[in-house]
Amino acid sequence: MEIFRTVQDMQNFATAAIRAGKKVALVPTMGFLHEGHLSLIDIAREHADLVVVSIFVNPTQFAPNEDLDKYPRDFQRDKDLCELRGAAAIFAPEASEMYAENQTTWVYEEKLSTKLCGKSRPIHFRGVCTVVSKLFNIVRPDVAVFGQKDAQQALIIRRMVRDLNFPIEIIVAPLVRDKNNLALSSRNKYLDENQQKDALVLSRSIFAAKEAILSVGIGEIPSICEVVKTEIAKFHGIVDYVECLDSETLEEPTEATKELLLAVAAKFGTTRLIDNILINLE
Ligand code: AMP
């Protein structure tokens with residue numbers, strides 16, 4: 001497995017792969033890999049000859065008050081896991097390699113980015129769209145795999161790829177949970193034992209809400225979301241949002257809505273966690 005630290009080296013690999021007629025898949029990550037990330041590598045391997053995993057804690061998607069500096073990192077472990085899962089290369093640049101000090105070009109998505117996490121993290125998706133565009137130009141993949149764990153991010157990337165005509169197939173992989181149904185996240189490492197137990201309220205309450213919506217109908221969504229908020233608060237979660245929206249548009253559901261996205265974000269201590277579930281109405 002190759003490890004590239006510079007844009008030039010990564011681009012040379014990409015050019016050689018294209019010349020050799022190899023199909024390349026990209027799995028963008030911020031590292032500290034867990035089974036959720038590794039499932040993306042497995043899916044990427046099914047769709048391509050070569051899988052490139054990027055490991056980059058992207059500073060432009062963190063606000064100054066967020067956890068950029070303490071974001072967990074363990075490159076050696078990540079490297080071993082990527083190798084075991086059959087990645088062909090890791091792209092792990094320093095921030096200074098990715099961003100010129102006076103970079104003034106950014107990629108925005110203007111609609112979906114204002115919803116859900118975008119309300120409390122107003123610069124987040126600009127950072128995501130910009131870094132993913134850069135990665136697409138550096139790795140030049142045929143396919144890129146993202147996780148349903150970050151449902152809003154996946155929707156925004158799909159929109160960006162459509163709107164900017166990136167010739168890349170986007171695959172969204174299912175959300176992977178631990179045996180207690182906690183959505184796997186690198187940030188789970190921040191949780192102490194009590195918080196780990198408390199955080200199980202997220203999946204428990206959205207699973208119950210899904211059943212409730214399916215049995216009583218979309219008219220009751222506001223009251224069901226209120227119940228979820230109350231449940232989370234009971235377990236010391238500080239709710240950022242609990243929303244149930246059309247999974248395509250992130251607008252309020254209508255009679256035409258085919259699928260709902262029930263999404264939550266809440267803090268346990270200082271750790272902000274997200275979770276979501278899709279609800280098929282057809
Ligand atoms: P991150 O390193 O958190 O930026 O995540 C990198 C990619 O892995 C994103 O596309 C995430 O949606 C995906 N991912 C993270 N956690 C999970 C999970 N529990 N299940 C599925 N995909 C995940």
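The rules behind each value
Residues numbered from 1 in each chain as written. Predicted model: local features only at pLDDT ≥ 70, side-chain atom pairs only at ≥ 80, totals over all residues. Heavy atoms only, no water. Pairing = 2+ DSSP bridges. Helix = DSSP H or I, 4+ residues; strand = E, 2+ residues; numbered from the N terminus. Axes fitted to C-alpha atoms, helices over the stretch in contact; angles between N-to-C directions. Core = buried A, V, L, I, M, F, W, Y, C linked by side-chain atoms within 4.5 Å. Buried < 20%, exposed > 50% of the residue type's maximum accessible area, 1.4 Å probe, protein only. Domains from an automatic or database assignment. Contact = heavy atoms within 4.5 Å. Disulfide = S-S within 2.5 Å.

Novice: Help me understand the sheet that holds strand β7 (residues 238-246) in this model?
Specialist: As a general point, the strands of a sheet are linked pairwise by backbone hydrogen bonds and lie either parallel or antiparallel. Here we have 3 strands laid out as an open sheet, ordered β7-β8-β9, and antiparallel in their pairing. Since the sheet does not close on itself, it has two edges, and those belong to β7 and β9 (271-280), each with one partner. Strand-to-strand twist in this sheet, taken as the mean axis angle between neighbours without regard to direction, amounts to 10°. As judged from the 8 bridges shared by β7 and strand β8 (residues 259-268), these two strands associate in the antiparallel manner. The residue bridging Y241 from the neighbouring strand is A265, located in β8.

Novice: Help me understand the nonpolar core in this model?
Specialist: In a soluble, globular protein the nonpolar side chains are often hidden away together inside. Counting 46 residues, the largest nonpolar core has V52, F91, M98, F136 and I157 as the members making the most contacts within it. Take this core: its biggest share by element is 9 residues, from helix α6 (residues 124-139). For this core, the domains that each give at least three residues are domain 1 (2-173) and domain 2 (186-275). With near-sequence residues (within four places) excluded, V52 lies in contact with M10, F13, V24, A25, L26, V27, A89, F91 and V139.

Novice: Help me understand the state of the cysteines in this model?
Specialist: Here is the idea: a disulfide is a covalent bond, and it sits between the sulfur atoms of two cysteines. Applying the stated criterion across every chain yields a total of 0 disulfides. Residue C117 stays outside any disulfide, its sulfur separated by 13 Å from that of C129, the closest cysteine. Left without a disulfide partner, C244 is nearest to the cysteine sulfur of C225, which lies 5.5 Å away. Classification of C244 by relative accessible area gives buried; the value is 3%.

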